[in-house]
Amino acid sequence: MKYIILSPSLLLLSVLLSVQAFAYNCPTDPNTPAIRYLGVGALDIHYQGQRVLTDPFYSPQSFWDILSFTPYTPNKTQIEMVLGPANHNVNNVLIGHGHYDHAADAPAIEDYLSQDAKILSSQSTQFLLNSKMHSINTKGLTEKEFGQWQPIANGWMRVMATPSEHAPQALGINLFPHIHNHDLDEAPKYVWQWSQGININWIIDFLAYKNSEQVAQRIFLQTSASAFPVGLPNIKDDVKFDKVFLAAASFDHVDNYPTGLINKLKPSEIIFIHWENFFKPWFEQPEALSLIDFDKLMSNKTLADRAKDALIGQPGFCY
């Protein structure tokens, strides 16, 4: 068990978080899923020689940048520090929704994508990306495709998308919720132009054999809080959930979250993500968002008496 002090910048308070991590470096056995948390909603997943990224956002934008109408600018140095050198080995990218802190660095990682890479998102987010990524295969999932398995990672993984929602960020307000239904005339330039659209939760299965239905490990990813049972996957099989990655931000702005999900999915391990102050660099020296009540989040009541199975994900660590 490790203990890390995080200093929320807005309240200048210290929050003591109990953090359990396996190791900074991921497993090297390609038969074992290696899931590295990169901060906010971003995961870097390796399995059977395949690589999948989620919610690509690696470039902090300060409050001053936003208030002074500075265009969103991906930080190439920061991206390479987090993802390593670009070598076109990313097979798929999964995006939960279109806000800038989940999708805005997607155009900046084209050099990381393989020739046949595909980005999966909602149709609204696809329209945002199409205006910036003309040569990349983007797939916006339709309503009929929610709840259906989608093969990814050259058949070594599959994903199922479930429509969800976004908790209000503050004062009951959900910022920039617009849903796009056509390609944009101009590409997003400022952070507020990266609008939310439909939120997606993902079931991610690691398959025992390529293109098989035998599941070696299953995880659940939710990168924005939702009132239960919104976002609950309609899954009928008896495959257990090994890990769930759940957004901490605004968890107490919606009802029965994450308690309802934990009770229903019964995961072996719970990892909270999207807790960092993403207006500052978070990968090496993360600070917590000041509005998150970590005592309440990590309480037995919130965690459905599963506190011993829960931890706060640390950027750079593997789970």
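*Asks:* Even after reading the chapter, I still don't get the sheet that holds strand E5 (residues 50-54), so can you show me in this structure?
*Replies:* Strands in a sheet are paired, the pairing made by backbone hydrogen bonds, and the direction either parallel or antiparallel. Pairing within the open sheet is mixed, and its six strands lie in the order E3-E4-E5-E6-E7-E8. One side of each edge strand has no neighbouring strand; the edge strands of this open sheet are strand E3 (34-39) and strand E8 (137-141). In this sheet, neighbouring strand axes are inclined to one another by 20° on average, regardless of whether the strands run parallel or antiparallel. The pairing of E3 with strand E4 (residues 42-47) spans five bridges and is classified as antiparallel. Directly across from Tyr 37, in E4, lies its bridge partner Leu 43.

*Asks:* Sorry, what's going on with helix H2 (residues 76-83) here?
*Replies:* Residue pairs three or four apart in sequence face the same way in an α-helix, which turns once every 3.6 residues. Every buried residue of H2 is listed here: Gln 78, Ile 79, Val 82 and Leu 83. Looking straight down H2, one finds its buried side chains confined to an arc of 110°; they lie on one side. Turned more than 90 degrees away from the buried face of H2 sit Lys 76 and Thr 77, all of them exposed. In this structure, the buried residues of H2 make contact with E3, E4 and E5.

*Asks:* What exactly am I supposed to notice about the packing of aromatic side chains here?
*Replies:* Given two aromatic rings, one states the distance between the centres and the angle between the planes to describe the pair. A complete count under the given rule lists 14 aromatic pairs for this structure. Relative to Trp 282, the ring of Phe 57 has its centre 5.0 Å away and its plane inclined at 25°; by these criteria the two rings are stacked. Note that Phe 57 is positioned in the loop between E5 and helix H1 (63-67) and Trp 282 in the loop between strand E14 (269-273) and helix H6 (294-297), a separation of 225 residues in sequence. The residues Phe 57 and Trp 282 share a single accessibility class, namely buried. On the numbers, 5.3 Å between centres and 80° between planes, the contact of Phe 69 with Trp 192 is edge-to-face. A residue pair is termed long-range when its members are at least 10 positions apart, and Phe 69 in the loop between H1 and H2 and Trp 192 in the loop between strand E10 (157-164) and strand E11 (199-207) qualify at 123 residues.

About the thresholds
Residues numbered from 1 in each chain as written. Predicted model: local features only at pLDDT ≥ 70, side-chain atom pairs only at ≥ 80, totals over all residues. Heavy atoms only, no water. Pairing = 2+ DSSP bridges. Helix = DSSP H or I, 4+ residues; strand = E, 2+ residues; numbered from the N terminus. Axes fitted to C-alpha atoms, helices over the stretch in contact; angles between N-to-C directions. Buried < 20%, exposed > 50% of the residue type's maximum accessible area, 1.4 Å probe, protein only. Arc of directions from axis to C-beta. Contact = heavy atoms within 4.5 Å. Phe/Tyr/Trp six-rings, centres within 6.5 Å; stacked < 30°, edge-to-face > 60°.

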